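Listed below are the residues making up each chain.
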Amino acid sequence: MEFSYNWDWSVLLCTVEDVEIGCIAPYFYWIVEGFGWTIAVASAAWVIAFSWGSFIGILRTLEAPIWLVVPFLKPSMKYKSSVIETGNGAVMINIGWFLHGFATVYVTIFRNIPLLVQMFLWYFVLPEVVSKEAGMWLKREMPLPEYWTAVACLGLYTASRVGEAVRAGINSITQGQHYAAMAIGLTRVQVYRCVLLPVAYRIIIPPLTSDFLGIFKNSSLALTIGVLELTAMTRQIDEYSYQTFEAFTAATVLYILVTAIVMFAMRIVEGRVAIPGMISLGAK
Amino acid sequence: MPETENTTPSVESSPGVGMIQMEVVSKWYGNFQVLVNCSTKVDKGEVVVICGPSGSGKSTLIKVINGLEPFQEGVVTFDGTSVGDAATNLPMLRSRIGMVFQSFELFPHITITDNINLAQLKVLGRDENEATNRSMALLERVGLMDQKDKFPAQLSGGQQQRVAIARGLAMDPAAMLFDEPTSALDPEMINEVLDVMTELANDGMTMMVVTHEMGFAKRVADRVIFMDEGRIEEDCTKDEFFGGERGDRAQEFLSKILTH
Ligand SMILES: Nc1ncnc2c1ncn2[C@@H]1O[C@H](COP(=O)(O)OP(=O)(O)OP(=O)(O)O)[C@@H](O)[C@H]1O
Ligand SMILES: [Mg+2]
């Protein structure tokens, strides 16, 4: 059987429902709109992934105790090693091991469940296991439920990857730098903010770039829960017009275009923030 | 986060009470005991050189003084403040003790000036102008004024180490700790660093210096501590140490490092 196909690139330019040139829907706007949703899902998810992931990654690098001051609590001798009395009616509790453990469990869970399964868990399962009102809110009452569910899912998943990158970045900094930063009198927060993180983030620009590209490409999974992003719109054009190749070519080109721009931009950023004199960080 | 004011009223150290004091300090890494009942005292203005074979616990000993390494037994006080006390504000205590490392440990992502400014701004709460003025004065003193806008990796080892000393001095510390400050340096750069340290000692700075530069010890030190297997084996005046009143192990160690 011979393969016959009517190429018609002009469908991609349909802006109105103009039957005369073969358009039954404004495909061009569909693509623009789908592309817009893709960008919207990816960028909102990235905000979550970057900030939450950084937090998780930092927690996983903490070794020394973190003291939480709790007023008016009588310490029991059993937990003496992680509880200190301050002498003015308060106690300090070491929650370091708890935070560290939490972050480790988080990364293990979110990195090891397939993303598609996570998407379904958030959208189909979660509303059923919470209270009825909360379930209703998740499914219908909150604004743009599919969009925000997809954003949360992608963001929380990618946060586990960002967290690992941040952890690796911080761990690649020598113990001597920690010592030097502490020795001049910086508090632990300042040690991270002024010394460790600025260097760590420079080191992990390449993995962070791929994590961002990952979020952008994985955003296509949002179609499974009904977000009309680029891939969903492309399929819809295909169904309406039967111009399969044109529709998917357009989507492919757009995906590649964005990833290429991001890679190029990050290359420039990397050069800009490179530390003078340090070839290993990409200065030359 | 509230910046802590760094104005602990430093009670004029009464004579007899050391600026740095260690009483039967022991420290373990797991089952391995790194410090064994170490006791010593460094008075204000004293220069103490610490030497001993590799792995004897010299670095650990001085890291215990500013709380960079915790210890399990004994008492360490700095200018009257107990280092091991959980209620002690360690960052504030550390800001009063300058520390210089074998591998310089300048912060690679900021300029020389910013390296010296950083803790002045963040810890002492000085304003940018005040901090920069202080940094410039210190760079002048260590002879690196012309390098102020460079980044650490663009400097030679000796230059980096002098910047590291300036960084410590910028906090107007009550004492300075040095951990083998010249052992990562090429021979021709060792003296430029030792000269700065000698000058510092002559100005009356309280110093503990881990080093194998016995020439420096002879010229500058008041006392010499010799460590072996986590113990302080000798703790005597320079004259006693170099005058031959030393134990066998110290003797053996000295003959090794002086002949090669
Ligand atoms: N983090 C650590 N965990 C376990 N053991 C350690 C650790 N740091 C140091 N040690 C051990 O403690 C001992 C003392 O180390 P330290 O660095 O104080 O020796 P040092 O006298 O400074 O030696 P060097 O002259 O080589 O610098 C060594 O045997 C070392 O292996
Ligand atoms: Mg050492």
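Residues numbered from 1 in each chain as written. Chains lettered and ligands numbered in written order. Predicted model: local features only at pLDDT ≥ 70, side-chain atom pairs only at ≥ 80, totals over all residues. Heavy atoms only, no water.

A. Looking closely at the overall build of chain B. Looking only at helices and strands, chain B has nine helices and ten strands in total. In terms of overall dimensions, chain B has a C-alpha envelope of 55 × 45 × 35 Å along the principal axes. Out of the 260 residues in chain B, the part that is buried amounts to 56%. On chain B, roughly 11,000 Å² of surface is accessible, and the fraction owed to carbon and sulfur atoms is 47%. Each charge class in chain B can be summarised by its mean position, and for the 23 positive and 39 negative side chains these summaries are 1 Å apart. (Helix = DSSP H or I, 4+ residues; strand = E, 2+ residues; numbered from the N terminus. Buried < 20%, exposed > 50% of the residue type's maximum accessible area, 1.4 Å probe, protein only. Areas by Shrake-Rupley, 256 points an atom, 1.4 Å probe, with all protein chains shown as cover. Lys, Arg positive; Asp, Glu negative; His and termini not counted. Charge placed at Lys NZ, Arg CZ, Asp CG, Glu CD.)

B. Seen up close, the packing of helix 1 (residues 27-61) of chain A against helix 9 (residues 230-241) of chain A. All names here are of chain A. Where helix 1 contacts helix 9, the two axes come as close as 7 Å, and the packing angle between them is 160°. Classified by the interaxial angle, the pair formed by helix 1 and helix 9 is roughly antiparallel. Contacts between helix 1 and helix 9 pair Tyr27, Trp30, Ile31, Glu33, Gly34, Phe35 and Thr38 from the former with Leu230, Met233, Gln236, Ile237, Tyr240 and Ser241 from the latter. Considered class by class, the residues forming the contact of helix 1 with helix 9 number eight nonpolar, four polar and one charged. (Axes fitted to C-alpha atoms, helices over the stretch in contact; angles between N-to-C directions. Parallel < 35°, antiparallel > 145°, perpendicular 65-115°, else oblique. Contact = heavy atoms within 4.5 Å. Nonpolar A, V, L, I, M, F, W, Y, C, P; charged D, E, K, R; others polar.)

C. Geometry of the site of ligand 1. Residues and elements named next belong to chain B. In the vicinity of ligand 1, the contacting residues are Tyr29, Phe32, Val34, Pro53, Ser54, Gly55, Ser56, Gly57, Lys58, Ser59, Thr60 and Glu180. Between ligand 1 and the protein, one listed contact pairs an oxygen atom with a side-chain N or O atom of Ser54 at 2.6 Å. At 2.7 Å, a side-chain N or O of Lys58 approaches an oxygen atom of ligand 1. Protein coverage of the free-state accessible area of ligand 1, which is 640 Å², stands at 59%. Of all the secondary-structure elements, those providing two or more residues to the shell around ligand 1 are strand 2 (32-42) and helix 1 (58-65). Of all the elements, helix 1 adds the most residues to the shell around ligand 1, at three residues. In the shell around ligand 1, the residues fall into four nonpolar, six polar and two charged. (Near = heavy atom within 4 Å. Polar contact = N/O pair within 3.5 Å; in protein donor to acceptor, adjacent residues only side chain to side chain.)

D. Here's a closer look at the nonpolar core. Within the largest apolar cluster, 108 residues are counted, with the highest numbers of intra-cluster contacts made by Leu186 of chain A together with Ile20 and Phe78 of chain B. Among the nonpolar cores identified, the runner-up in size contains 47 residues, and Leu139, Leu169, Leu185 and Ala221 of chain B belong to it. (Core = buried A, V, L, I, M, F, W, Y, C linked by side-chain atoms within 4.5 Å.)

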